[in-house]
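Reading the structure
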Amino acid sequence: MPDQIISSSFSVFGTDALKSAVEHIKSCGFQRALLLADAASAKNGIPGKVSSLLAQGRIVYQIFDRIAPSASLSDVRSAAEAARSFRADILIAAGGGAAADAAKAVSLLAADPALSDAIRNGGTALPVKNALPLYIVFSSAGNARDVSGLFVLEDEVQRKKIECSHEKAVPSGLVFDSGCIACAPSKDFSAGSASILAAAVESVVCKKAWGISQLHALEAVKLVFENARPAAKGNAKAKEQILAAQYLAGIAAASSGYAMGTAVANSLEALCGIPFQTASSILLPEVMKFNASSTGAKYRDIAAAMGARVSQAARPDAFRKAAVHAVEKLLKELAVPKKFSSLVLSEEDMQLLQDTVMKAPQTETNPKAVTKKKIAEMIKSLS
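Note that the structure is a prediction, hence the values are computed from the model and not measured.

**Quick notes on the sheet that holds strand β1 (residues 10–14)**
Spatial ordering of the open sheet is given by β1-β8-β5-β4-β2-β3, a layout of 6 strands whose pairing is parallel. This sheet does not close on itself; its edge strands, each paired only once, are β1 and β3 (60–67). Each strand axis lies, on average, 15° off the axis of its neighbour in the sheet, ignoring direction. Pairing of strand β2 (residues 32–38) with strand β4 (residues 90–95), which is carried by 5 bridges, proceeds in the parallel orientation. Bridged to L36 within β4 is A93. On top of the sheet, helix α5 (residues 98–109) reaches β2, β3, β4 and β5 (134–138); it is set at about 170° to β4, its chief contact.

Below, the structure written as structure tokens:
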């Protein structure tokens with residue numbers, strides 16, 4: 001199978017990006033927009049900015065702002081019903097993150113309600129015929145997957161994450177507006193930047209990584225290294241660069257994949273409610289140490305992107321330590337905890353976590369073979 005990159009047909013960045021996007025939406029003939037938002041984006045005022053421009057463009061809209069911080073199956077069902085009842089011909093997700101995950105599923109379900117069971121069961125080969133066009137308006141740093149056709153939902157009943165991917169779930173448009181990004185609290189960029197770094201590193205080292213995907217991922221690593229600290233302190237330009245890193249990391253991950261850290265972070269969020277961004281950031285150094293011996297010279301590139309001085313003649317153990325040290329140093333400066341606070345898993349929950357991680361697609365693309373024993377050891381070392 002050939003390597004492939006699938007990306008949105010319309011992506012716009014910078015000042016007045018949102019205004020340009022609404023003009024584009026209107027020029028495409030869309031008339032009825034369902035605007036999806038979670039609590040965080042609603043609090044930041046992003047839905048209001050979007051709806052104001054929609055009104056000016058005489059596009060009828062309705063707001064669905066009941067998306068939980070971790071988008072669930074019930075959120076998706078309710079939002080899909082709202083889309084059908086409103087007769088929406090386009091979806092707009094405000095803020096990224098949970099809203100983006102839910103909107104991707106809604107874009108498929110609103111066009112074909114029969115997909116409900118397929119989404120609940122997860123997978124990459126959903127029988128999709130049509131999908132509502134989806135535009136995502138970003139504000140704060142979210143998950144790298146937001147720009148791709150990958151979405152993750154929470155199954156509240158089974159206490160697990162459901163991961164689906166389909167090229168028709170790839171957003172039709174991505175909007176990175178300077179004004180919307182400026183509205184996001186600066187503190188959000190600490191956890192967000194660290195999570196984007198974790199995604200980019202995993203995309204570099206995973207089994208399916210290839211030339212172009214690695215270029216995107218390494219540039220994302222560099223942008224995070226250069227801009228995470230000033231973004232966390234409120235620098236407007238640095239915030240925009242972190243969102244650019246998210247965009248690049250998302251393209252890389254969509255074309256190559258992730259590693260075991262993502263699988264463990266998804267499972268911890270479902271089991272214990274630990275936010276994915278927090279979990280993936282805490283796990284990153286340990287996952288890097290575990291994978292180091294199976295990554296060839298890739299850590300040399302990661303170390304260089306993180307500002308470390310590593311010569312081409314350096315021994316593997318030297319540049320691998322340099323890469324891990326650079327990551328640990330940045331995470332410390334971003335106030336990312338070294339360990340999980342008060343994480344205690346019952347024997348039953350640990351077994352469920354191990355089983356879930358071993359079945360996850362990210363575990364299959366991890367550069368080093370993963371075992372249940374290693375999963376348990378890693379969790380206990382970080383607890």
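Resuming the write-up.
**Description of helix α9 (residues 211–232)**
With 22 residues, α9 extends 31 Å between its outermost C-alpha atoms, agreeing within 8% with the 32 Å of an ideal straight helix rising 1.5 Å per residue. In α9, a bend of some 40° at E226 exceeds every other bend along the element, and P230, a proline, comes one to four places later. The set of residues buried in α9 consists of S213, A217, L218, A220, V221, L223, V224, N227, A228 and A231. Among the structural elements, α8 (188–205), α10 (236–256), α13 (298–305) and α14 (316–333) are those in contact with the buried residues of α9.

Analysis parameters
Residues numbered from 1 in each chain as written. Predicted model: local features only at pLDDT ≥ 70, side-chain atom pairs only at ≥ 80, totals over all residues. Heavy atoms only, no water. Pairing = 2+ DSSP bridges. Helix = DSSP H or I, 4+ residues; strand = E, 2+ residues; numbered from the N terminus. Axes fitted to C-alpha atoms, helices over the stretch in contact; angles between N-to-C directions. Contact = heavy atoms within 4.5 Å. Expected span 1.5 Å × (residues − 1). Bend = angle between axes of the 7 residues up to and from the residue. Buried < 20%, exposed > 50% of the residue type's maximum accessible area, 1.4 Å probe, protein only.

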